[in-house]
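What follows is the residue order along each chain.
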Amino acid sequence: MGLIEELAAHLDTESTRFTLGTNLALNFMPDEPNTCASMVEYGGVAPDYSFAGDLPVNENARVAVTCRSTSSATARTNIGAAWVALQRVTNETLSSHSWLRCAAAQSPFLLERDAQGRVEYRANFDCMRRTTST
């Protein structure tokens, strides 16, 4: 399972607000439903190497979570739930990989109103995961 799929499955399990494939999409924001979330992986920093090997031991990815709703309060509440749930990923196994951390890069913020006037909030995360399965 890929990095973003592992995090999305965790978010689905940890919060009743998100259901993968229904109101939580990976790598795009769907047009419907009005109240939904997306998780997108984007460029992180260089991986970590050990002195003994030529392959990286950790990957350092960045993930953006965006929550949208016709209600600003709902979008803000949903991004807050995602922000807390993902930061709880510390020294644990998700799927088959060890995760060292998933840390918020900043507090959730108002991103924009989309073309249909729906409010979008975003939070960005710096994530560190072992490159090999546990």
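Our structure is the block above this text.
None of these values were measured; they are calculated from a predicted model. (Residues numbered from 1 in each chain as written. Predicted model: local features only at pLDDT ≥ 70, side-chain atom pairs only at ≥ 80, totals over all residues. Heavy atoms only, no water.)

Engineer: Where do I start with the overall build of the chain in this structure?
Structural biologist: From N to C terminus, the chain includes 2 helices and 7 strands. For the chain, the succession of helices and strands along the chain, N to C, is α-β-β-β-α-β-β-β-β. In terms of overall dimensions, the chain has a C-alpha envelope of 55 × 25 × 20 Å along the principal axes. Counting all 134 residues of the chain, 38% fall into the buried class. Nonlocal contacts in the chain, meaning residues at least 24 apart in sequence, comprise 59% of its contacts between residues at least 6 apart. Entry remark: accessible area of the chain is about 6800 Å², with carbon and sulfur atoms responsible for 51%. (Helix = DSSP H or I, 4+ residues; strand = E, 2+ residues; numbered from the N terminus. Buried < 20%, exposed > 50% of the residue type's maximum accessible area, 1.4 Å probe, protein only. Contact = heavy atoms within 4.5 Å. Areas by Shrake-Rupley, 256 points an atom, 1.4 Å probe, with all protein chains shown as cover.)

Engineer: How should I be thinking about helix 2 (residues 72-87) in this particular structure?
Structural biologist: Given 3.6 residues per turn, any residue in an α-helix points the same way as the ones three and four places further on. Over its 16 residues, helix 2 runs 23 Å from end to end, which matches the ideal 22 Å to within 8%, given 1.5 Å per residue. Turning to helix 2, its buried residues are Ala75, Asn78, Ile79, Gly80, Ala82, Ala85 and Leu86. (Expected span 1.5 Å × (residues − 1).)

Engineer: What am I meant to see in the nonpolar core here?
Structural biologist: Inside soluble globular proteins, nonpolar side chains tend to come together where they are buried. Among the nonpolar cores identified, the biggest contains 27 residues, and Leu7, Leu11, Met39, Val65 and Leu86 are the most heavily contacted of them. Going through the elements one at a time, helix 1 (3-14), strand 2 (36-49), strand 3 (56-69), helix 2, strand 5 (97-104) and strand 7 (119-133) are the ones with two or more residues in this core. With near-sequence residues (within four places) excluded, Val65 lies in contact with Ser38, Met39, Ile79, Ala82, Leu86, Tyr121, Arg122, Ala123 and Phe125. (Core = buried A, V, L, I, M, F, W, Y, C linked by side-chain atoms within 4.5 Å.)

Engineer: Honestly, the pairing of strand 5 in this entry has me stumped. Any pointers?
Structural biologist: Consecutive side chains along a regular strand alternate between the two faces of the sheet. Looking at chain direction, strand 4 (residues 90-94) and strand 5 are connected through 4 bridges and run antiparallel. Within strand 5, the position partnered with Thr90 by the bridge is Arg101. Count of turn residues in the strand 4/strand 5 antiparallel hairpin: 2 residues, of which Ser95 carries a positive phi of about 60 degrees. (Pairing = 2+ DSSP bridges.)

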